[in-house]
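Remarks on the overall topology
Now for the letters of each chain:
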Amino acid sequence: MLTFNYKCSLCDTRYEISPELMLCPDCEASQEIGQPLNGVLEVELNGNPDSNDPLDLLPVERKYFPDIPVGNTPLWSPERLLGKHGFPELFLKDDGLNPTGSFKDRASFLVAAFARKHDINEVVVASTGNAGSSMAGVGAAAGLKVKLFLPKTAPPAKMIQSLQYGADLVLAEKNYDHAFSLSLQYSKIRGGMNRNTAYNPMTIEGKKTVSIEIFNQLGKAPDHVFVSAGDGVILSGLYKGFRDLHQLKQIPGIPVIHAIQASGSNAICRAMDSGVYDLQNAQTVADSISVDTPSNGLLAVKNLKAYGGHCLTVTDEEILSAQKELSSDCGLFAEPAAATAYAGFLKQKPFLESSASCVVLLTGNGLKDINSASKNVVTPDKAINSLDELT
Ligand SMILES: *Cc1c(COP(=O)(O)O)cnc(C)c1O
């Protein structure tokens, strides 16, 4: 049996878990504008789980989870990639195969269960697109109302998907950071539980299930994990899962995690070097990781520094070329923010032992953003009537 409590990632104060508590109140009081969230809470576990099933390591009982099949995504080694790179233990974890097409379902799943446990029927969320469409879809399965704030520039597929699931969609005039602040005001004034990434502690906790799955699938922790980073919450979830497994004495240490950012949206990488978050207008083809101020920036840097992780950047050209390579080499069509992790592997490869076990986490499906995917392919410019017209 496990018991759970919150612990502030900044000052280590412990709190009882409650749906009203989102950030550590003491740390939140010193929040500065334009800076990552102060006082992000993590779930702490105590005791021993009944099994290694990720659901047995989460702070909400099984009966509250909706029946939509989140997680248990494939971990596989495409033969053609192995032949090409000479890494016999290179694995792709395809989280684009989640029900709404992105990794975000892991967080939405736990948030939905948490809401049901506490009789909350409306969830409010800001998103670049995937967290919103995920909450909309998983929320639909759970019978929750979803109020969604997206930047007006979000890819159309992510908007339409959210509307199909029945979400109430509000477009923010400026960017994702603007949608984030509007949604926080909305949930404070009008109510509903806010699911914003990092702000709601269940988002980090839900995302840890990927590490537990990787461990169960491989039978060990890998040496390296490659993950793309925008707000730095998937990164923190990955660390949380491996830290829990380490606390439970299932793994001897924490893998080296490589956080990959787009060069036009690289706040975490810059803060790793400088120690501070300065403002930048993010610009990248990988919309899901286009973030001015990473909401979980403080914990991202803390984890990377504590466990020997790296942050590196790749250009938009490298992202699009990695996307094309994944699609055409192994039939895995990933959205740009997901292919970013693979672009990071390609860049780090010369510095890795080829015998190392490496997992590349692919976080979203390519169909979510056809505009970006179209930049690296040539569509036929005319239709034909007969085969005589073919050259
Ligand atoms: C959200 C997202 C990311 C980045 O996750 P963060 O927690 O913001 O760092 C990466 N890839 C995809 C496809 C995403 O939707």
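Look a little higher up for the structure.
In this report, the structure presented in the accompanying data block is examined. Predicted model, so just to flag it, every value in this text is computed and none were measured.

What counts and how
- Residues numbered from 1 in each chain as written.
- Predicted model: local features only at pLDDT ≥ 70, side-chain atom pairs only at ≥ 80, totals over all residues.
- Heavy atoms only, no water.
- Helix = DSSP H or I, 4+ residues; strand = E, 2+ residues; numbered from the N terminus.
- Rg over C-alpha atoms; globule rule 2.2 N^0.38 Å.
- Buried < 20%, exposed > 50% of the residue type's maximum accessible area, 1.4 Å probe, protein only.
- Contact = heavy atoms within 4.5 Å.
- Areas by Shrake-Rupley, 256 points an atom, 1.4 Å probe, with all protein chains shown as cover.
- Lys, Arg positive; Asp, Glu negative; His and termini not counted.
- Charge placed at Lys NZ, Arg CZ, Asp CG, Glu CD.
- Near = heavy atom within 4 Å.
- Polar contact = N/O pair within 3.5 Å; in protein donor to acceptor, adjacent residues only side chain to side chain.
- 1 Å grid on protein atoms, 1.4 Å probe; cavity = no way out; pocket = protein on both sides within 12 Å on 5 of 7 lines; lining within 4 Å.
- Sits in = over half its atoms within 2 Å of the grid points.
- Nonpolar A, V, L, I, M, F, W, Y, C, P; charged D, E, K, R; others polar.
- Salt bridge = Lys/Arg side-chain N within 4 Å of Asp/Glu carboxyl O.
- Pairing = 2+ DSSP bridges.
- Points joined across faces, edges and corners; volume = space filled by probe spheres on them.

**Here's the deal with the overall build of the chain**
Of the regular secondary structure elements, the chain holds 14 helices and 13 strands. Here the C-alpha radius of gyration of the chain, 20 Å, is about what a compact globule of 391 residues would show, namely 21 Å. Taken along its principal axes, the extent of the C-alpha atoms in the chain is 70 × 45 × 45 Å. Burial statistics for the chain: of 391 residues in total, 60% are counted as buried. The contacts in the chain between residues at least 6 apart in sequence include a share of 71% that link residues at least 24 apart. Carbon and sulfur atoms make up 52% of the accessible area of the chain, which amounts to about 15,900 Å² in all. The centroid of the 34 positive side-chain charges in the chain is displaced by 2 Å from the centroid of its 43 negative side-chain charges.

**Things to note about the site of the ligand**
The environment of the ligand is formed by 16 residues, the closest being Lys 104, Asn 130, Gly 230, Gly 232 and Thr 363. In this structure, an oxygen atom belonging to the ligand sits 2.8 Å away from a side-chain N or O atom of Asn 130. Separating an oxygen atom of the ligand from a backbone N or O atom of Gly 232 is a distance of 2.8 Å. Starting from 380 Å² of accessible surface for the ligand in isolation, the protein chains cover 98%. Judged by the fraction of its atoms near the pocket grid, the ligand is located in the largest cavity. Residue composition of the shell around the ligand, by class: five nonpolar, seven polar and four charged.

**Some points on the side chain of Glu 122**
Of note, Glu 122 is situated in strand β6 (residues 122-126). Buried charged residue Glu 122 carries no salt bridge. Nearest counter-charge: Lys 145, at 4.3 Å.

**Examining helix α8 (residues 209-218)**
In terms of burial, α8 is largely enclosed, as eight of its 10 residues are buried. Thr 209, Val 210, Ser 211, Ile 212, Glu 213, Ile 214, Phe 215 and Leu 218 are the residues of α8 that are buried. Lining the buried residues of α8 we find β4 (75-76), β5 (90-94), α3 (105-117), α7 (201-207), α9 (233-247) and β13 (358-362). Count one or two residues on from α8 and you reach Gly 219, which has phi positive near 80°.

**As for the sheet that holds strand β2 (residues 14-15)**
Strand order in the open sheet formed by three strands is β2-β1-β3, with antiparallel pairing between adjacent strands. With one partner strand each, in any of the chains shown, β2 and β3 (41-47) form the two edges of the open sheet. With two bridges joining them, strand β1 (residues 2-8) and β2 adopt antiparallel strand pairing. Along β2, the bridge assignment pairs Tyr 6 with Tyr 15.

**Points about the pattern of salt bridges**
Side chains bearing opposite charge may pair, as long as their charged atoms lie close to each other. By the definition in use, this model includes 22 salt bridges. Close ionic contact of Glu 42 with Arg 243 constitutes a salt bridge, the shortest N to O distance being 3.0 Å. A residue pair is termed long-range when its members are at least 10 positions apart, and Glu 42 in strand β3 and Arg 243 in helix α9 qualify at 201 residues. With relative accessibility at 8%, the residue Glu 42 sits in the buried group. Its relative accessible area of 22% is what places Arg 243 among the partly exposed residues. Lys 240 is the salt-bridge partner of Asp 244, the closest N and O atoms lying 3.0 Å from each other.

**Observations concerning empty space enclosed by the protein**
By the definition in use, this model includes two cavities of 30 Å³ or more. Here the largest cavity defines a volume of roughly 260 Å³. Lining the largest cavity are 25 residues; nearest its centre among them are Lys 104, Asp 231, Ile 234, Ser 288 and Ile 289. Those elements that provide at least two residues to the lining of the largest cavity are α4 (130-142) and α9. In terms of residue class, the lining of the largest cavity is made up of 10 nonpolar, 11 polar and four charged.

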